[in-house]
Amino acid sequence: MTLNVLEWRGIEVPDSVRERVRTCKDLEQLELWARRAVHATEAGQLFEES
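Residues numbered from 1 in each chain as written. Predicted model: local features only at pLDDT ≥ 70, side-chain atom pairs only at ≥ 80, totals over all residues. Heavy atoms only, no water.

A closer look at the pattern of salt bridges
So the rule is basically this: The term salt bridge refers to a pairing of a side-chain nitrogen on Lys or Arg with a carboxyl oxygen on Asp or Glu at a separation within 4 Å. The way it works is that DSSP assigns letters per residue, a run of H or I at least four long becomes a helix, a run of E at least two long becomes a strand, and they are numbered from the N terminus. Buried means the residue's accessible area, taken with a 1.4 Å probe over protein chains only, is under 20% of the maximum for its type, while exposed means over 50%, and partly exposed covers the values in between.
Here the structure, examined in full by the defined rule, presents 2 salt bridges. A salt bridge links Arg18 to Glu7; its shortest N-O distance comes to 2.9 Å. On the criterion of sequence distance, the pair formed by Arg18 in helix H2 (residues 15-23) and Glu7 in helix H1 (residues 2-8) is long-range, its members being 11 residues apart. Under the relative-accessibility criterion, Glu7 is labelled partly exposed at 38%. For Glu31, the salt bridge identified is with Arg35, shortest N-O distance 3.0 Å.

Section: the packing of aromatic side chains
Using the following cut-off: Ring pairs are drawn from Phe, Tyr and Trp, using the six-membered ring of Trp, whenever the two centres fall within 6.5 Å, and their geometry is named by plane angle: stacked under 30 degrees, edge-to-face over 60, tilted for the rest.
Considering all chains together, one arrives at 1 aromatic pair under this definition. Ring centres of Trp33 and Phe47 lie 4.9 Å apart, and the angle between their planes is 80 degrees; on these two criteria the pair is classed as edge-to-face. Placement of the pair is Trp33 in helix H3 (residues 27-39) and Phe47 in the segment after H3, with a sequence separation of 14 residues. Judged by its relative accessible area of 18%, Phe47 falls in the buried class.

A closer look at the nonpolar core
Selection criterion: Here, nonpolar core means buried Ala, Val, Leu, Ile, Met, Phe, Trp, Tyr and Cys residues that are tied together by side-chain atoms lying within 4.5 Å of each other. Working rule for contacts: check all heavy atoms of both residues, and any pair within 4.5 Å makes them a contact.
Counting 14 residues, the largest nonpolar core has Leu6, Val17, Val21, Trp33, Leu46 and Phe47 as its most contacted members. Among the secondary structure elements, those contributing two or more residues to this core are H1, H2 and H3. At 3 residues, H1 tops the list of elements feeding residues into this core. Residue contacts for Leu6: discarding those within four places in its chain leaves Ile11, Val13, Ala37, Ala40, Ala43 and Leu46.

Shown next, in the form of C-alpha coordinates:
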(Lines give C-alpha, C1' and ligand atoms only; values in the text may rest on other atoms or scores of the structure.)
Protein backbone atom coordinates (compact mmCIF):
# COMPACT_ATOMS: atom_id res chain seq x y z
CA MET A 1 0.00 0.00 0.00
CA THR A 2 2.70 2.49 0.98
CA LEU A 3 4.59 2.02 -2.26
CA ASN A 4 1.38 2.34 -4.25
CA VAL A 5 0.55 5.65 -2.58
CA LEU A 6 3.96 7.06 -3.47
CA GLU A 7 3.69 5.82 -7.04
CA TRP A 8 0.12 7.14 -7.45
CA ARG A 9 1.37 10.52 -6.30
CA GLY A 10 4.13 10.43 -8.92
CA ILE A 11 6.96 10.09 -6.41
CA GLU A 12 9.96 8.10 -7.58
CA VAL A 13 10.69 5.14 -5.31
CA PRO A 14 14.35 4.07 -5.18
CA ASP A 15 15.12 0.38 -4.87
CA SER A 16 16.47 0.90 -1.32
CA VAL A 17 13.13 2.33 -0.16
CA ARG A 18 11.16 -0.33 -2.00
CA GLU A 19 13.23 -3.09 -0.35
CA ARG A 20 12.93 -1.62 3.14
CA VAL A 21 9.15 -1.36 2.89
CA ARG A 22 8.69 -4.79 1.33
CA THR A 23 10.79 -6.57 3.95
CA CYS A 24 9.21 -4.85 6.97
CA LYS A 25 7.07 -7.21 9.07
CA ASP A 26 6.01 -4.64 11.69
CA LEU A 27 2.40 -3.68 10.94
CA GLU A 28 2.55 -0.54 13.10
CA GLN A 29 5.64 0.64 11.23
CA LEU A 30 4.00 -0.05 7.88
CA GLU A 31 0.93 1.93 8.94
CA LEU A 32 3.12 4.87 9.98
CA TRP A 33 4.93 4.82 6.64
CA ALA A 34 1.60 4.67 4.79
CA ARG A 35 0.39 7.77 6.64
CA ARG A 36 3.64 9.56 5.83
CA ALA A 37 3.38 8.55 2.16
CA VAL A 38 0.20 10.62 1.84
CA HIS A 39 2.13 13.82 2.60
CA ALA A 40 5.67 13.00 1.46
CA THR A 41 7.34 14.87 -1.39
CA GLU A 42 10.08 12.25 -1.72
CA ALA A 43 10.25 8.58 -0.79
CA GLY A 44 12.99 8.96 1.82
CA GLN A 45 10.66 11.02 4.00
CA LEU A 46 8.92 7.82 5.05
CA PHE A 47 11.82 7.08 7.36
CA GLU A 48 12.40 10.53 8.85
CA GLU A 49 11.58 10.96 12.52
CA SER A 50 9.16 13.78 13.29
